[in-house]
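For reference, the chains in residue letters:
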Amino acid sequence: MINSPQLTKDLKQIGHYDILRCIGRGGMGLVYLARDTRLNREVAIKCLRSELFEPHYRERFKREALLLAKLNHPYIVQIYDFIETPDQLALVMEFVDGQNLQLHLREHIVPFCQRMQWLTQIAQGLAVAHDTGIIHRDLKAENILINKRGEAKISDLGIAKSQDFNATLTDHVTGSYCSMSPEQAMGEELDSRSDLFSFGIMAYQLLCNAHPFGETDNKLQLMQRIISHAPIPPTKHNPGLPQEISELMGQLLSKNPDNRPANTHWLAAQCEKLSELFLVTSFEPDITQALQQSQQTPRQKIIASDSGIHTTRKNTKQEHATFDSIRKKETPLTKQNFYAYIKTNSVTVILGSLTLLMLVGVGIWQLQPKEPRYVAVLPPTLSTTDMQESQQELVKGAVYDAIQQSVLQLDGYYLIPQNEIADINANSSKEGLEIVRRATAADELITTNIQCKIEACTINLTRLTPDNKKQEGRLRVKDTKTVDVLTDNYLSVATIVQNNMGALYSEKMASAFNEIDSTEYLSFLEANRSYREKGASHELLNVLDGLQRQTKKMLAVQTLYTEISLDLHYETKNLVFLNNLEIFITSNSGSKKSRDSIFNQYYLQIAQNNFEGATKSLEDIKQLNASFSSINELHAYMQMAKKDYSSAIEFYKKSNSMRTSANILYYIAMAYWYSADTVTAKLYVEQALKLSPNFYKAISLYGSIELLEGNIDRAITSFKHAALKKPNDMYNLSHLGLCYLLLKNYTEANSLFNRALNLAPQNTFLKLNKADSYDLMGDKTESRKIYESIVNSTKLTGVTNEELTSVTQAYAHLGRFSEALTVLQQLEKLDSQNIETTYTAALVHTLASNNSSAILNISNTLKNGMNKIWFSFPWFNSLCKDDKFIDLMRQYGEPSRCALHNNQQ
């Protein structure tokens, strides 16, 4: 690192500027007071830290400095000069003799009118900056300077706010955590509306002496609140605040940028009008007193409240009510017509306007997004002595469906997916419910107990919540409903349950079942049950395709069709399933799509590699106020599909910081696994299993990591444990087969590969494993037949890395090395980070006698965590003639790898 002189306190001169003293220190470096010897004036010089001297950063800094130098506004700190030398990078700025706004407020009693004037000045300066395309990105009280004349000046405008050199989990975006917008906290692309949100926070602090999202020193907690919590109504901190100002702050603090003011000049004009209006009214002492009260002790607040402030506050509301009436008439606001209005209008009109203003103000804050609440719906339990099992399952299916469709209608509530609940494998005991709550990060649980006799059932719906908002303590019953139903009509059962769900949440539910008949609903229930128990099949799609159009419009039907189609596509790689799904969604969607229907469309677009369309769908989902946690998960899902694992990890971690669940931890582990970081992947799997010990996907992934690391016994234990939870998981069976392949128990391995292939006969990866087992058993005829079926049946366009891996290895085993190397290049281009890619490259180059390339790839594979046992297969024996391979095996603890083979030679 360069020992740059600008970071030493004995700096005496920079160019023609004499250094007088150091006046500040910040994240960028030091700020000096200096004298311009040419113009004989005091200036401030900000010198950058030497570690920021990278060429691309210097160029960007210079470009932004030149842009800022063009700004000439009384409420923006002026840029005078830019100094660039090999070891110095500095800005020469206007010296503002005064304090920053935060410090000024601590040391002075500032009247309300002055605070409003400052907001006006800041907005005017900001508008000019926005006109030139400059976004501040860090607008806060510390970056506003108050000079000796009492004027506000914006500083640190745009400089070095677009780079972040030492990002951490809580500092992954540029800007101060306490003043950033939701989109800034999410690391999304910013425009000028982000500054308006920060302006809203600053205005709230200036007029209420509090942060709109609560006071905390925990950066992550405050960022979470900014992203997902509604702001605290300003009247809670300042009861006398005029409603017009409260309404304006509500717009500025909207989570959705589209709901904020579209034009900063408009904001500046509003601030100026409000400043002029309240400058001439009689309530100002009340506002100032209210601001001072917020810093008093509780006892002082009581005394102040008893001193007659309420009487003054009443006058305040009357006067600002008349302002609202004037504004609605679109009369230009001046002091003269304001006074005229006061003289010519009655008290009755004023009180009427007051009521309207109160309603509008309350509405602004109620429109802010509610804190998201996640609901886990557990599968119903049913007890009976004389009901057929098939009928029991249909009753449970109707009840479960009705509850889930009801939760989807609740504003601010988010339904945790059914498969996420199923993956946890927890029972309905108290311990099981606690596991579900922890593993899914659920705010509420809904359980259902059904007791049946032949043709009638009693259904008990229970709503459970934790003792407190931190999800600590025991689950308690918040509410419960009991209803009796006849079981001769499952559609009737679902309708009655949905009505009672509305009562459970004090909301009227829009029925999803009014326009379909009982026969259609029964077909849906049977298809849904079959899919949950046996998996996807083409026959189930035929059943859903045969339903009437009105039934197909049900979100539950569309979601089921989507899940089955995608499962079949990923198993068979047949594009017909995607084409049919697109037709189904397009034909049966209404003109107004719900958030969850767009989810289905999004997953289809990802499967089609239509990332442009998926990005548009994601924007549509954001407009429908989806939770920020789910939005981050959707972002991560897209990045995983693009093989951009580092970006996927970042998005998953953002989601996890808002809502830690076993499922999100599992996907973080998967992303690390695919990026060849098995050590970190294992840590996240262990965290997921700590939350949910029976989470079969995490158990299976843990087994895969152990398998990769050569811990075969532990891998077998994990895969067998996972198989108990889900016996028909083809990948779990295949991985268990690989364990026996490495143990040279080829017969058992072959048997497991056959079982897996029976579940997915067209899966190329399973075919490859089966062919390998025949090859290692010495049955070259059977293995060659399967290898040829792989290369002959796979089209090399639009395929996955799994298919390319299978085709590449199959070509190599067939001795068709030119074709193998061609497909390998395509695989490496698609997914070079995947450890299976480097292993495939090692195998292909070995069989093709490209020893140098083979050893290089083996070395990289071993460095990324794959155990040397994977190179014990006879396919790598030819390398035993190469000393580099022998040394490599010795380096990784296998000195005798080639001894037996070479002796036999």
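Preceding this paragraph is the structure being described.
Residues numbered from 1 in each chain as written. Predicted model: local features only at pLDDT ≥ 70, side-chain atom pairs only at ≥ 80, totals over all residues. Heavy atoms only, no water.

Chemist: Describe the overall build of the protein chain, naming the residues involved and giving the relevant values.
Modeler: Secondary structure summary: the protein chain contains 40 helices and 15 strands in total. Relative to its full complement of 905 residues, the protein chain shows a buried share of 54%. Contacts spanning at least 24 positions in sequence make up 62% of the contacts within the protein chain whose residues lie at least 6 apart. Accessible area of the protein chain: about 40500 Å², with a carbon and sulfur share of 49%. (Helix = DSSP H or I, 4+ residues; strand = E, 2+ residues; numbered from the N terminus. Buried < 20%, exposed > 50% of the residue type's maximum accessible area, 1.4 Å probe, protein only. Contact = heavy atoms within 4.5 Å. Areas by Shrake-Rupley, 256 points an atom, 1.4 Å probe, with all protein chains shown as cover.)

Chemist: Tell me about helix H22 (residues 575-588), residues and numbers included.
Modeler: The terminal C-alpha atoms of H22, which comprises 14 residues, lie 20 Å apart, in line with the 20 Å expected from a rise of 1.5 Å per residue. For H22, the complete set of buried residues consists of Phe-577, Leu-578, Leu-581, Phe-584, Ile-585 and Asn-588. In an axial view of H22, the angular spread of the buried residues amounts to 125°, which keeps them on one side of the axis. Away from the buried face of H22 by more than 90 degrees, exposed residues Leu-575, Ile-583 and Thr-586 are located. (Expected span 1.5 Å × (residues − 1). Arc of directions from axis to C-beta.)

Chemist: Which residues make up unusual backbone geometry, and what values go with them?
Modeler: The phi torsion at Arg-137 lies on the positive side, around 75°, for a residue other than glycine. As for its position among the elements, Arg-137 is in the loop between helix H3 (112-131) and strand E8 (144-147). Residue classification places Arg-137 among the buried positions, given a relative accessible area of 18%. In this model, Asn-609 sits at a positive phi of 60°, which is unusual for a non-glycine residue. Checked against the element boundaries, Asn-609 lands in the loop between helix H23 (595-607) and helix H24 (611-623).

Chemist: Account for the state of the cysteines, naming residues and giving values.
Modeler: Taken as a whole, this structure holds 2 disulfides when the rule is applied. At a sulfur-sulfur separation of 1.9 Å, the disulfide partner of Cys-452 is Cys-457. In this structure the cystine formed by Cys-452 and Cys-457 twists about its S-S bond by roughly 110°; its chirality is therefore right-handed. Accessibility classification places Cys-452 together with Cys-457 in one group, the buried group. The disulfide bridge from Cys-880 ends at Cys-898, spanning 2.1 Å between sulfur atoms. Across the S-S bond linking Cys-880 and Cys-898, the dihedral sits near -75°, which makes this disulfide left-handed. Remark: Cys-898 occurs in the loop between helix H39 (883-891) and helix H40 (899-904) and Cys-880 occurs in the loop between helix H38 (851-863) and H39; sequence separation between them is 18 residues. Taking the relative accessible area as the measure of exposure, Cys-898 reaches 4% and is therefore buried. Cysteine pairing in the protein chain follows 1-2, 3-4, where each cysteine in a disulfide is numbered by its order in the sequence. (Disulfide = S-S within 2.5 Å.)

Chemist: Before we move on, could you go through the pattern of salt bridges and cite the residues and values that matter?
Modeler: Per the stated rule, a full pass over the model turns up 29 salt bridges. Residue Glu-183 pairs with Arg-260 through a salt bridge whose shortest N-O separation is 2.7 Å. Highlighted residues: Glu-183 in helix H4 (residues 182-185) and Arg-260 in the loop between helix H7 (243-252) and helix H8 (264-279), separated in sequence by 77 residues. Across the pair, exposure class does not vary: Glu-183 and Arg-260 are buried alike. Residues Glu-706 and Arg-714 are paired through a salt bridge, measuring 3.3 Å at the closest nitrogen-oxygen approach. For Glu-706, a relative accessible area of 0% gives the class buried. What emerges from the salt-bridge pattern is a single network uniting Lys-682, Glu-706, Glu-709 and Arg-714. (Salt bridge = Lys/Arg side-chain N within 4 Å of Asp/Glu carboxyl O.)

Chemist: Describe in detail the nonpolar core, supporting the description with residues and values.
Modeler: If you look at soluble globular proteins, the nonpolar side chains tend to sit buried side by side. Counting 74 residues, the largest nonpolar core has Leu-707, Ile-858, Trp-870, Phe-871, Phe-873 and Phe-876 as its most contacted members. Of the residues forming this core, the biggest block, 10 residues, is contributed by helix H27 (residues 662-674). (Core = buried A, V, L, I, M, F, W, Y, C linked by side-chain atoms within 4.5 Å.)

Chemist: How would you explain the pairing of E8 if you had to name every residue and give the values?
Modeler: Pairing of strand E7 (residues 98-100) with E8, which is carried by 3 bridges, proceeds in the antiparallel orientation. Pairing of Gly-98 across the sheet is with Asn-147, part of E8. Bridge count between E8 and strand E9 (residues 152-154): 3 bridges; the pairing is antiparallel. When the bridges of E9 are listed, Ile-146 appears paired with Ala-152. Two successive antiparallel strands, E8 and E9, enclose a turn made up of 4 residues, where Gly-150 displays a positive phi of approximately 80°. (Pairing = 2+ DSSP bridges.)

Chemist: How would you sum up the packing of aromatic side chains? Please name residues and give values.
Modeler: Geometry of an aromatic ring pair is reported as the spacing of the ring centres plus the angle between the planes. For the structure shown, the criterion picks out 18 aromatic pairs. Relative to Phe-695, the ring of Tyr-666 lies with its centre 5.7 Å away and its plane at 55°, an arrangement referred to as tilted. Of the two residues, Tyr-666 is situated in helix H27 and Phe-695 in the loop between helix H28 (678-691) and helix H29 (696-708); the sequence distance between them amounts to 29 residues. Summarising the burial analysis for this pair, Tyr-666 and Phe-695 share the class buried. (Phe/Tyr/Trp six-rings, centres within 6.5 Å; stacked < 30°, edge-to-face > 60°.)

Chemist: An account of the environment of Gln-99 is needed here, citing residue identities and associated values.
Modeler: Residue position: Gln-99 is located in strand E7. With relative accessibility at 19%, the residue Gln-99 sits in the buried group. Spatially, the C-alpha atoms of Gln-99 and Glu-142 are 9.0 Å apart, while their sequence positions differ by 43 residues. Not counting the four nearest positions on each side in its chain, Gln-99 is found in contact with His-104, Glu-107, His-108, Ile-144, Leu-145 and Ile-146. Within the local environment of Gln-99, its side chain forms a polar contact with the side chain of Glu-107, the two groups lying 2.6 Å apart. (Polar contact = N/O pair within 3.5 Å; in protein donor to acceptor, adjacent residues only side chain to side chain.)

Chemist: Describe in detail the packing of helix H34 (residues 780-793) against helix H35 (residues 801-813), supporting the description with residues and values.
Modeler: Following both chains from N to C, one finds H34 and H35 inclined at 130°, their axes separated by 9 Å at the closest point. Viewed along their axes, H34 and H35 adopt a mutual orientation that is oblique. H35 is crossed by H34, and the crossing has left-handed handedness. Residues Tyr-787, Ile-790 and Val-791 of H34 pack against Ser-806, Val-807, Ala-810, Tyr-811 and His-813 of H35. Grouping the constituent residues of the contact of H34 with H35 by class yields 6 nonpolar, 2 polar and no charged. (Axes fitted to C-alpha atoms, helices over the stretch in contact; angles between N-to-C directions. Parallel < 35°, antiparallel > 145°, perpendicular 65-115°, else oblique. Left-handed = near helix turned anticlockwise from the far one by under 90°. Nonpolar A, V, L, I, M, F, W, Y, C, P; charged D, E, K, R; others polar.)

Chemist: Please provide a residue-by-residue account of the sheet that holds E9, values included.
Modeler: Through backbone hydrogen bonds, the strands of a sheet pair up, either in parallel or in antiparallel fashion. The strand order across the open sheet built from 3 strands is E7-E8-E9, with neighbouring strands paired in antiparallel fashion. At either margin of the open sheet sits one strand with a lone partner, and together these are E7 and E9. Each adjacent strand pair in this sheet contributes to an overall mean axis angle of 30°, direction not counted. Of the strands in this sheet, E8 and E9 touch H3, which is tilted by about 30° from E9.

Chemist: Got a sec to walk through the side chain of Ser-700? Specific residues and values, please.
Modeler: Mapping Ser-700 onto the fold places it in helix H29. A distance of 3.1 Å separates polar atoms of two side chains, one belonging to Ser-700 and the other to Asn-732. Leave out the neighbours within four places in its chain, and Ser-700 touches Phe-719, Ala-722 and Asn-732.

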